[in-house]
Amino acid sequence: MADKSCEAVVESMAEVKVNGEGSLEASGNGTKKKEKRKKPAKKERDSMKGNSAKVTRTGIEASKAKDFGSWFQEVITKAELIDYYDIRGCYVLRPRSFAIWDAIKDMLDKRIKGLGVENCYFPLFVSSDRLKKEQNHVEGFEAEVAWVTKSGKKELADPIAVRPTSETIMYPAFSKWIRSFRDLPLRINQWSNVVRWEMTHCTPFIRSREFLWQEGHSAFATREEAAGEVLEILDIYKSVYEDLLAVPVIRGTKTESEKFAGALYTTTVEGFVPATGRAIQGATSHCLGQNFAEMFDIKYENDERETKHVWQNSWGMTTRTIGVMIMVHSDDRGLVVPPRVAPQEAVVVPIFKKGHEAIVVEEAEKLGKELKDAGYKVKVDSRTDKTPGWKYNEYELRGICTRLELGPRDIENAKVLCVRRDNGQKIELNRATAVTDLRKILGEIQRSLLERAREELYLNIQRVSNWEEFMSALNSRKIALCPWCQNASCEENVKSRTKNESENSEFNVQAADGEGQSLSGAAKSLCIPFSAELDALGAPPLEKTEKCFACDELAEVLVLFGRSY
């Protein structure tokens, strides 16, 4: 979607200019059911089969396996998660997607507060002097920084940046707040939006010009304390992905070339999208060392009256989490959402029979109330202008975890038919125990989604020894665990070689970028997996004499390389 220029700008509006190439401007403020149904008419049969999706174009028409980009755009729009906006790379989060973000926020907020982290809020804007104070840091974001240059028709004397991240916004305050060892540790977090003016490959949830996130910032007296928090936060991020979103991730450390600009080191959780063979960075936890402390003069006096610089961390997780979940779990029928983050866990669908409508609606509403009283997120669909089959398609598209069907025969036999969204299994429940039985089914859905995704992840990680095996893995849509020398020049060479060889091969590098653009076939380092992750993978250990897969140097570590978002 191209940017649209405004014919007139209200004087109180701000003009935003963006650094980087192609400078842009934007102005803006199981069990089979026993009940025998009456055979429907052909039109209704077509609807119940799902053929209505082709006729009304309300269902998913693209194939996840054959046209991932179109499929992804259909899922997020037809399941009412995203709406497009008239500024490219900016998207509307509709209530159903924001409900998922709320579930993530609730869990994450509780966990970090349990560590002693407190929430706060800092301004959206940062002065040029502050932003450019740490040169390595600003160079990492320079091409993506949006600048406010005008107020109405008046040019600003000093352009103001819209935050791409908040280190340079927060740390002058840290230097005022921290005076003594008694002021440490300082651990704060803010829930906010940030702007990074991506020039290409904008993808809803995955890579956008504005996104929501939490960013934590902390200061400690010692490196050991800071290092401990880095891993604590990373484990919480892993828990968000695996325990909430049922998406398996691999923990590891970024290479020097891929670490956060200005950090001492960066740790990460990396996910994988099997349909495209691409990895995706899930969240990061950085140890900043004393770099920013020295730049912003953040010091404390210890108990021996010695003045020391603090040790700092920063860490963040974004709405990208939702996109990863969709890409991993959803299918050609639409959205699949794990129960723990689902906006709705169940829908009760009355099956009408002429002359029995009132009793069926009454019993459906009664079941719905019992479920709500028990804490379920549930709705009852008593509409009479839509067939059962139409409703089935609609709720499969929207990703509601379970469908509870209730007709006259079910009421007579004191049964409820439960249909799982994740695998289509039909389970006949006793009406008397349906409320408690549903909780078990939802738990099984949560477990099976994670188990299936983890199995797929492990099957798509290939241990390689040389370049030929590496390229074979990439072109089989896998990520590769490689012996590597840790030389930056070798890493850069891997990127350029894989890009060139992909362009000259038949490998289809097309993937979802949200704007119909082809993604690069270049591979990059993802992370150096922790030893626990390597043990879980069952990967052969690095041999002492093993050579780097991409050059003749002696290998020092095992690293994951792959194509990524």
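Residues numbered from 1 in each chain as written. Predicted model: local features only at pLDDT ≥ 70, side-chain atom pairs only at ≥ 80, totals over all residues. Heavy atoms only, no water.

As annotated in an unreviewed UniProt entry, the chain carries the name proline--tRNA ligase and is attributed to Rhodosorus marinus. Within the UniProt record for the chain, the comment given under Catalytic activity (unreviewed entry) is "tRNA(Pro) + L-proline + ATP = L-prolyl-tRNA(Pro) + AMP + diphosphate". (UniProt positions renumbered as here; feature names shortened; annotations may be inferred.)

(A) Fine view of the sheet that holds strand 17 (residues 346-350). If you walk across this open sheet you meet the 5 strands as 18-17-19-20-21, and the pairing is mixed. Both edges of this open sheet fall to strand 18 (378-380) and strand 21 (426-430), since each of them pairs with a single strand only. Pairwise comparison of adjacent strand axes, ignoring direction, gives a mean angle of 25° for this sheet. In terms of strand pairing, strand 17 meets strand 18 through 3 bridges, oriented parallel. Across the sheet, Val348 pairs through a bridge with Val380, a residue of strand 18. (Pairing = 2+ DSSP bridges. Helix = DSSP H or I, 4+ residues; strand = E, 2+ residues; numbered from the N terminus. Axes fitted to C-alpha atoms, helices over the stretch in contact; angles between N-to-C directions.)

(B) Broad picture of unusual backbone geometry. A cis geometry characterises the amide bond from Leu184 onward to Pro185, with omega recorded as -5°. Tracing the chain through its elements places Pro185 in the loop between helix 7 (167-177) and strand 9 (186-195). The backbone of Asp297 shows a phi angle near 55°, a positive value even though the residue is not glycine. If you trace the backbone, Asp297 turns up in the loop between helix 9 (291-295) and strand 14 (299-301).

(C) Examining the packing of aromatic side chains more closely. Applying the stated criterion across every chain, the model contains 16 aromatic pairs. A centroid spacing of 5.6 Å and a plane angle of 70° characterise the contact between Tyr171 and Phe292, whose relative ring orientation is edge-to-face. Pair noted here: Tyr171 is in helix 7 and Phe292 is in helix 9, with a separation of 121 residues, a long-range link. Judged on exposure class, the residue Tyr171 and its partner Phe292 are both buried. (Phe/Tyr/Trp six-rings, centres within 6.5 Å; stacked < 30°, edge-to-face > 60°. Buried < 20%, exposed > 50% of the residue type's maximum accessible area, 1.4 Å probe, protein only.)

(D) Local environment of the side chain of Thr319. By the secondary structure assignment, Thr319 is in the loop between strand 16 (311-318) and helix 10 (320-329). Not counting residues up to four positions away in its chain, the partners in contact with Thr319 are Leu93, Trp101, Phe205, Phe211 and Leu212. (Contact = heavy atoms within 4.5 Å.)

(E) Fine view of the sheet that holds strand 12 (residues 265-273). Sheet architecture is open: 11 strands sit in the order 5-9-10-16-13-12-11-24-25-23-22, paired in mixed fashion. Of all strands in the sheet, those bounded by a partner on one side alone are strand 5 (118-119) and strand 22 (461-463).

(F) Local environment of helix 7. Most of helix 7 is tucked away, with 9 of its 11 residues classed as buried. Of all the residues in helix 7, the buried ones are Glu167, Thr168, Ile169, Met170, Tyr171, Pro172, Ala173, Phe174 and Ser175.

(G) The packing of helix 4 (residues 95-114) against helix 8 (residues 223-244), seen in detail. For the pair helix 4 and helix 8, interaxial distance at closest approach is 11 Å and the crossing angle is 150°. By crossing handedness, the relation of helix 4 to helix 8 is classed as right-handed. The residues of helix 8 that touch helix 4, namely those facing Ala103, Ile104, Met107, Leu108, Arg111 and Ile112, are Ile233, Ile236, Tyr237, Ser239, Val240 and Leu244. Class assignment of the residues belonging to the contact of helix 4 with helix 8 gives a composition of 10 nonpolar, 1 polar and 1 charged. (Left-handed = near helix turned anticlockwise from the far one by under 90°. Nonpolar A, V, L, I, M, F, W, Y, C, P; charged D, E, K, R; others polar.)

(H) Summary view of the nonpolar core. Counting 78 residues, the largest nonpolar core has Leu245, Ile326, Leu371 and Leu404 as its most contacted members. Among the elements that take part in this core, helix 14 (residues 434-459) stands out by supplying 9 residues, more than any other. Here this core gathers at least three residues from each of two domains, domain 1 (68-329) and domain 2 (344-446). For Leu404, the contacting residues outside a window of four places in its chain are Ala346, Val347, Val348, Val349, Leu367, Leu371, Val416, Leu417, Cys418 and Leu438. One finds Leu131, Trp147, Tyr300 and Val310 within the second-largest nonpolar core, a separate group that totals 26 residues. (Core = buried A, V, L, I, M, F, W, Y, C linked by side-chain atoms within 4.5 Å. Domains from an automatic or database assignment.)

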